[in-house]
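# Commentary on secondary and tertiary structure
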Amino acid sequence: MSNEKRRISNVAHHTKKASGPYMEGRKLIYQGPIKVSDLARLLKLSEAQIIKNLFMKGQMVTINNVLSPETVAELCLDFNFDYDFVEESDDDCDFGLAHIVDNPKDLKPRPPVVTIMGHVDHGKTTLIDAIRSSSIVSGEAGSITQAIGAYQKEINGKKITFIDTPGHEAFTAMRSRGTKVTDIVILVVAADDGVMPQTIEAIDHARAAEVPIIVAVNKMDKPSADLQKVKNELLAQNVIAEEYGGDVIFQPISAKKGTGIEQLLDAILVTAEMLELHANPRRYAYGTVLEARLERGEGPKATLLIQNGTLTNRDFVVAGAAYGKVRRMTNEHNKALKSAGPATPVAIIGLDEVPEAGDNFIAFETEKEAKELATKRKQIRIEESRGSSEGLKLSDLHKQIAEGETVVVNVIIKADNSGSAEAVRGSLEKINIDGVRLNIIRASAGQITESDVLLASASNAVIFGFNIRPNNQVRDLADRLKIEIHLHRVIYALLEQTEKALRGLLKPEFEEKVTGQAEVRAIWHASKVGTIAGCYMLSGIIRRDQTVRLLRDGVIIYEGEVATMKHVKNDVKESRAGYECGMTLLNYNDIKEGDIIEGFAMVEVKNG
């Protein structure tokens with residue numbers, strides 16, 4: 001980006017309006033939390049007066065403590081001041097940067113952002129597969145999309161950005177987020193299945209976002225395909241085909257066979273042309289975090305969709321409450337980029353922590369501006385997370401529910417990525433059972449840490465891990481503190497177990513037992529054998545032909561069996577703690593140094 005473009009953008013940055021607390025006579029106008037020292041200055045009181053007032057109410061604070069809006073209101077009443085709490089708007093959250101009116105002369109055509117939506121197993125990811133000529137589906141657990149993805153494709157010299165969203169109802173929030181950043185929705189409906197619950201939900205999201213729908217009627221290659229049935233069922237949902245006098249394009253396709261794809265892409269370009277999509281590349285970027293996770297060797301990594309402006313690898317970025325300088329920016333093919341314009345999905349590293357999927361991001365010229373906004377957002381989130389009440393563990397529920405007590409269950413959720421964490425949280429919050437209340441005190445991406453266990457101990461919480469595993473140290477700490485950790489790879493199983501527990505019906509007959517863990521310290525490649533992992537046994541026993549999983553930074557990468565096991569050059573049946581061995585995994589070769597191979601078995605629970 002040229003200096004002139006930067007100059008124009010900088011004017012926008014330095015003309016923002018301050019929005020701090022202030023006094024109008026004896027009325028305090030404020031939004032968000034306020035520090036004790038700042039409140040004392042505004043009300044012209046001594047800091048000791050405020051500290052004493054709160055101490056008498058059982059609240060210990062110092063001059064640097066941040067007070068919640070509710071506490072500020074109480075203090076104003078106690079000291080005979082009026083107050084007016086102003087809800088924070090998007091302008092306040094972003095310092096007004098996202099809503100700067102762009103000069104029409106700076107607006108340029110941009111690619112459309114297209115979201116693929118529809119019911120589970122109706123072929124959304126297979127459609128993306130066909131468009132990209134890639135193979136996404138084969139890498140997904142249970143062939144179900146469980147994280148949001150963004151891809152860009154050039155069609156007839158014009159770019160289209162695609163967002164693939166999960167179809168299972170647990171991922172409602174992720175689909176909703178998809179439509180907030182999209183221009184066009186492709187509604188995928190299986191010709192042999194018709195309209196299903198998540199089909200209707202996708203329609204509702206598209207209407208709420210006020211974006212046009214193009215219906216891709218998939219699986220037309222099947223003998224049971226019925227295009228007319230799909231049209232009639234969607235007509236009942238007020239999605240009216242052009243031939244019926246409506247404005248919705250219906251395109252029959254077979255994502256598996258690749259038929260009808262070109263016509264669908266043409267329909268997207270025609271619709272995009274009618275929308276006259278423009279953006280201003282001559283400003284600092286803002287947009288949305290689509291996905292975020294902690295990557296080994298890179299740290300926090302976020303997938304961003306740039307909605308306006310240009311992002312460069314020199315910018316400082318605030319994403320949610322995280323901030324940092326862009327150290328590396330890549331496209332979907334992991335190619336390094338120096339800059340990226342509107343409607344472009346990119347992955348960046350350099351943030352100080354993992355943001356949450358759905359957070360907005362904004363770029364700044366200086367670290368000072370970025371840190372100021374990030375600090376403000378952190379303070380707000382700290383206040384929102386305070387006050388978690390004490391709960392019980394799942395093993396206590398049967399007795400407590402039987403006694404007719406109202407039970408509060410505190411829950412900590414850790415998942416392989418922030419989208420999955422959000423999905424699990426949303427699903428658990430939907431469970432509605434008399435006498436039981438779920439209180440989710442943390443939901444974030446990354447491996448289960450000792451900090452999570454200590455938080456669970458302090459709040460008497462249960463930990464749910466989705467597609468991740470704790471290491472030995474964390475597992476040992478949880479055992480010592482008697483903290484329950486429930487681990488799952490499929491969201492259906494997690495929800496089923498939880499609902500049974502909350503109904504007091506959970507009577508497990510089998511539970512998972514970890515038999516041993518080995519750390520991969522060297523790897524070799526043999527043409528006839530595959531990847532050989534040189535391992536050191538950290539704990540327990542791992543046997544040949546046993547079921548194992550491969551963990552990378554606590555995230556499950558593979559689950560299967562040990563194919564071969566050797567000590568030096570001799571075949572062995574097992575390896576124990578403190579010994580070295582070489583292992584190969586059945587039909588899997590992507591093993592790296594530092595990975596953990598964990599053996600496990602399902603053992604019968606002896607009741608009584």
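Residues numbered from 1 in each chain as written. Predicted model: local features only at pLDDT ≥ 70, side-chain atom pairs only at ≥ 80, totals over all residues. Heavy atoms only, no water.

### Details of the packing of helix H2 (residues 36-43) against helix H3 (residues 47-56)
Rules: Axes here refer to lines fitted to C-alpha atoms; in helices the fit is confined to the stretch in contact. Angles between the N-to-C directions go from 0 to 180 degrees. For the purposes of this entry, the term helix denotes a DSSP run of H or I that reaches at least four residues, the term strand denotes a run of E that reaches at least two, and both are numbered from the N terminus. Rotating anticlockwise by less than a right angle from the far helix to the near helix defines a left-handed crossing, while the corresponding clockwise rotation defines a right-handed one. Contact between two residues is taken to exist if any of their heavy atoms lie within 4.5 Å; hydrogens are not considered. When residues are grouped by polarity, Ala, Val, Leu, Ile, Met, Phe, Trp, Tyr, Cys and Pro land in nonpolar, Asp, Glu, Lys and Arg in charged, and all others, Gly among them, in polar.
Packing of H2 against H3 leaves a shortest axis separation of 8 Å and a crossing angle of 115°. As H2 runs across H3, the sense of the crossing is right-handed. Two secondary-structure elements touch here, H2 through Val36, Ser37, Leu39 and Ala40 and H3 through Glu47, Ile50 and Ile51. A per-class count over the contact of H2 with H3 returns five nonpolar, one polar and one charged.

### Some thoughts on helix H10 (residues 261-275)
Along an α-helix, residues three or four positions apart point the same way, because every turn accommodates 3.6 residues. The condition that has to hold: Expected helix span is given by 1.5 Å per residue-to-residue step, counting one fewer step than there are residues. Only protein chains enter the area calculation, which uses a 1.4 Å probe; residues under 20% of their type maximum are buried, those over 50% are exposed, and those in between are partly exposed.
Compared with the 21 Å implied by 1.5 Å per residue over 15 residues, the 21 Å span of H10 between its first and last C-alpha is a close match. Buried within H10 are the following residues: Ile261, Leu264, Leu265, Ala267, Ile268, Leu269, Thr271 and Ala272. Two residues or fewer past H10, Glu276 is found with a positive phi of approximately 50°.

### Things to note about H3
Here is the rule: Working note: the arc is built from the helix axis to C-beta atom directions.
Within H3 the residues assigned to the buried category are Ile50, Asn53 and Leu54. End-on, the buried residues of H3 take up no more than an arc of 90°, which puts them together on one face. The exposed residues of H3 that point more than 90 degrees off its buried face are Ala48, Lys52 and Met56. Close packing links the buried residues of H3 with H2, strand E4 (66-67) and helix H4 (69-78).

### Quick word on the confidence of the model for the protein
As a reminder, the rule being used: Every residue carries a pLDDT, the predictor's confidence in it, which falls somewhere between 0 and 100.
Of all residues in the protein, 82% have pLDDT values of 70 or greater, and the mean over the chain is 80. In the model, residues 134-138 has pLDDT below 50 throughout and makes eleven contacts with residues more than four positions away in sequence or in other chains. A low-confidence stretch, residues 167-171 (pLDDT under 50), is modelled with 21 contacts involving residues beyond four sequence positions or located in other chains.

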